[in-house]
Amino acid sequence: MNQQNTEQRKHTRTKLAGMEIHISDRAGFCTGTIKDVSRYGICIADLPRKLHAQHGLFDAIVSGNGKNFKLRLEEKWKAKDGLNTVVGAGIDNVPWTWTEMVMHQESATSPVKTTH
């Protein structure tokens with residue numbers, strides 16, 4: 001997979017505070033850091049190893065703030081970051097609860113418009 005320019009996004013990206021990600025692939029389990037998310041994708045940093053996806057797919061649990069999301073992810077791009085790996089992934093069959101949570105986070109972090 002080729003590394004994609006992270007500035008060429010189709011969907012708005014937002015940060016998630018207090019959430020962690022646990023990944024299951026053909027090689028076992030590992031954890032990473034959620035760099036940013038969208039309604040349809042996620043960027044995972046600080047992966048200690050290369051992911052071993054099956055047909056490009058792997059499973060992840062995103063948890064925190066009293067919420068858990070089981071996601072089926074499709075690797076879109078990857079890049080080395082020192083000893084770690086960064087992966088951009090699309091969410092396969094996006095759960096509505098994920099979309100709601102991201103939309104809420106987008107509205108919480110968007111600048112407030114004022115009129116005079």
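Residues numbered from 1 in each chain as written. Predicted model: local features only at pLDDT ≥ 70, side-chain atom pairs only at ≥ 80, totals over all residues. Heavy atoms only, no water.

**Student:** Requested: an account of the overall build of the protein chain, with residues and values cited.
**Tutor:** For the protein chain, the count of helices and strands is 1 helix and 6 strands. For the protein chain, the α and β elements follow one another from N to C terminus as β-β-β-β-β-β-α. For the protein chain, the residues scored as buried account for 38% of the 116 residues in total. For the protein chain, contacts bridging at least 24 residues in sequence account for 57% of all contacts bridging at least 6. A total accessible area of about 7400 Å² is found for the protein chain, and carbon and sulfur atoms account for 49% of it. (Helix = DSSP H or I, 4+ residues; strand = E, 2+ residues; numbered from the N terminus. Buried < 20%, exposed > 50% of the residue type's maximum accessible area, 1.4 Å probe, protein only. Contact = heavy atoms within 4.5 Å. Areas by Shrake-Rupley, 256 points an atom, 1.4 Å probe, with all protein chains shown as cover.)

**Student:** Give me the lowdown on the packing of aromatic side chains, citing residues and values where you can.
**Tutor:** A complete count under the given rule lists 1 aromatic pair for this structure. Both rings, one in F69 and one in W98, keep their centres 5.3 Å apart while their planes meet at 85°; by these two values the pair is edge-to-face. Here F69 is found in strand β5 (residues 67–81), whereas its partner W98 is found in helix α1 (residues 96–109), with 29 residues between them in sequence. Classification of F69 as buried rests on a relative accessible area of 6%. (Phe/Tyr/Trp six-rings, centres within 6.5 Å; stacked < 30°, edge-to-face > 60°.)

**Student:** Go over the pattern of salt bridges with me, naming the residues and quoting the values.
**Tutor:** Counted under the stated rule, the structure contains 6 salt bridges. Ionic pairing is found between E75 and K78, a salt bridge with its closest N-O pair at 3.8 Å. Among the residues examined, K78 registers a relative accessible area of 28% and is labelled partly exposed. (Salt bridge = Lys/Arg side-chain N within 4 Å of Asp/Glu carboxyl O.)

**Student:** Outline the sheet that holds strand β6 (residues 84–92), supporting the account with residue identities and numerical values.
**Tutor:** Around the barrel, which closes on itself, the 6 strands sit in the order β1-β2-β3-β6-β5-β4 with antiparallel pairing between neighbours. When the angles between neighbouring strand axes are averaged without regard to direction, this sheet yields 45°. In this sheet, β6 lies alongside β5 in antiparallel orientation, the contact comprising 9 bridges. Looking at β6, one finds that W77 is bridged to G88. (Pairing = 2+ DSSP bridges. Axes fitted to C-alpha atoms, helices over the stretch in contact; angles between N-to-C directions.)

**Student:** Give a detailed account of unusual backbone geometry, specifying residues and quantitative values.
**Tutor:** Unusually for a residue other than glycine, H55 sits at a positive phi of about 55°. Note that H55 resides in the loop between β3 (41–47) and β4 (57–64). A relative accessible area of 74% places H55 in the exposed class. The phi torsion at N93 lies on the positive side, around 55°, for a residue other than glycine. Among the secondary structure elements, N93 is positioned in the loop between β6 and α1. N93 gets classed as exposed once you look at its relative accessible area, which sits at 70%.

The quantities given are spatial measurements derived from coordinates; they are silent on function.
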